[in-house]
Amino acid sequence: MTQDSRFPIKIRYEYKQDKEARLEYAHGVWGGINPHGEIEMNFYSESDKIPEWSERVVSHDGAIGHEMVPAETEDKTVVRHIHSKVLLNYETARAIYDWLDEKLSTLEMESESGTMFSSGSGGLEQ
């Protein structure tokens, strides 16, 4: 079969990282389908709520006592800090879904065989 001259023989993808890019750890994602039909994903990390204030009592001789925080209630508050927002159209979401499915299947096979990460087939290619 001959190559159609309207199409290139191959396409090269070059990767350049934005200076502002940074690695973020995600405990989860919150989102859904927005009014434009795109999937909106808000990645977050979780931590215990930091108290609004704390105090230490200083005695007359200058010794500092233990730290005190406002009285705790029976409720526990966990803060979800949203650090990344991603919008995906259907085609991109489908490609990511397929990519994740392939990577998860590889991890599961490696885990079952006891050869975790030894195949060299990892990487972040699409």
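Residues numbered from 1 in each chain as written. Predicted model: local features only at pLDDT ≥ 70, side-chain atom pairs only at ≥ 80, totals over all residues. Heavy atoms only, no water.

Here's the deal with the overall build of the chain
- Along the backbone of the chain there are one helix and five strands.
- Per-residue burial for the chain yields a buried fraction of 7% across its 126 residues.
- About 12,100 Å² of surface is accessible on the chain, with carbon and sulfur atoms providing 55% of the total. (Helix = DSSP H or I, 4+ residues; strand = E, 2+ residues; numbered from the N terminus. Buried < 20%, exposed > 50% of the residue type's maximum accessible area, 1.4 Å probe, protein only. Areas by Shrake-Rupley, 256 points an atom, 1.4 Å probe, with all protein chains shown as cover.)

Quick word on a nonpolar patch on the surface
- A grouping of Ile96, Leu100, Leu104 and Leu107 is seen on the molecular surface, where their side chains present a nonpolar patch of about 310 Å² in accessible area.
- Residue Leu100 is classed as partly exposed on the basis of its relative accessible area of 41%. (Patch = residues over 30% accessible without salt bridge, like charges linked within 9 Å, V, L, I, M, F, W, Y side chains within 5 Å. Salt bridge = Lys/Arg side-chain N within 4 Å of Asp/Glu carboxyl O.)

A look at the confidence of the model for the chain
- Of all residues in the chain, 90% have pLDDT values of 70 or greater, and the mean over the chain is 88.
- Mean pLDDT across the elements of the chain ranges from a minimum in strand 4 (residues 64–68), with 90, to a maximum in strand 1 (residues 28–33), with 97. (pLDDT = per-residue confidence, 0-100.)

What to know about the sheet that holds strand 1
- The strand order across the open sheet built from three strands is 1-2-5, with neighbouring strands paired in antiparallel fashion. Each of the sheet's edge strands pairs with one partner strand only, and the pair in question is strand 1 and strand 5 (78–88). Geometrically, the sheet is characterised by an average inter-axis angle of 25 degrees between neighbouring strands, direction not taken into account.
- The pairing of strand 1 with strand 2 (residues 39–48) spans six bridges and is classified as antiparallel. The residue of strand 2 that forms the bridge with Val29 is Phe43. (Pairing = 2+ DSSP bridges. Axes fitted to C-alpha atoms, helices over the stretch in contact; angles between N-to-C directions.)

With respect to helix 1 (residues 90–113)
- Taking 1.5 Å per residue, 24 residues should reach 34 Å; helix 1 reaches 35 Å between its end C-alpha atoms and fits that length.
- For helix 1, the set of buried residues is Ala93, Lys103 and Glu110.
- Residues of helix 1 that are buried sit in contact with strand 2 and strand 5.
- The opening residue of helix 1 is Asn89, an N-cap whose side-chain oxygen sits 3.2 Å from the backbone nitrogen of Glu91.
- Downstream of helix 1 by a residue or two, Gly114 has a phi angle that is positive, lying close to 75 degrees. (Expected span 1.5 Å × (residues − 1). Contact = heavy atoms within 4.5 Å. Polar contact = N/O pair within 3.5 Å; in protein donor to acceptor, adjacent residues only side chain to side chain.)

A word on a negative patch on the surface
- On the surface, Asp98, Asp101, Glu108 and Glu112 cluster together into a patch of negative charge.
- Relative to the elements of secondary structure, Glu112 occurs in helix 1. (Lys, Arg positive; Asp, Glu negative; His and termini not counted. Charge placed at Lys NZ, Arg CZ, Asp CG, Glu CD.)

Points about the side chain of Asn42
- Topologically, Asn42 is positioned in strand 2.
- On the basis of relative accessible area, Asn42 is assigned to the buried category, the value being 5%.
- Within polar-contact distance, the side chain of Asn42 engages the side chain of Lys85 at 2.7 Å.
- Contact partners of Asn42, with chain neighbours within four places excluded, come to Gly28, Val29, Trp30, Gly31, Ile82, Ser84 and Lys85.

Some thoughts on the environment of Val57
- For Val57, the location among the structural elements is in strand 3 (residues 55–58).
- Taking the C-alpha atoms as reference points, Val57 and Glu67, 10 residues apart in sequence, are found 7.7 Å from one another.
- Leaving out residues up to four positions away in the same chain, Val57 has contacts with Ala63, Ile64, Gly65, His66 and Met68.

With respect to the pattern of salt bridges
- Applying the stated criterion to the full structure yields six salt bridges.
- Between Arg22 and Glu24 there is a salt bridge whose closest N-O contact spans 2.4 Å.
- A residue is classified by how much of its surface remains accessible, and Arg22, at 63% relative accessible area, is exposed.
- Lys76 is paired through a salt bridge with Asp48; the nearest N and O atoms lie 2.8 Å apart. Placement of Lys76 in the loop between strand 4 and strand 5 and of Asp48 in strand 2 is noted, with a sequence separation of 28 residues between them.
- The class of Asp48 is partly exposed, set by a relative accessible area of 48%.

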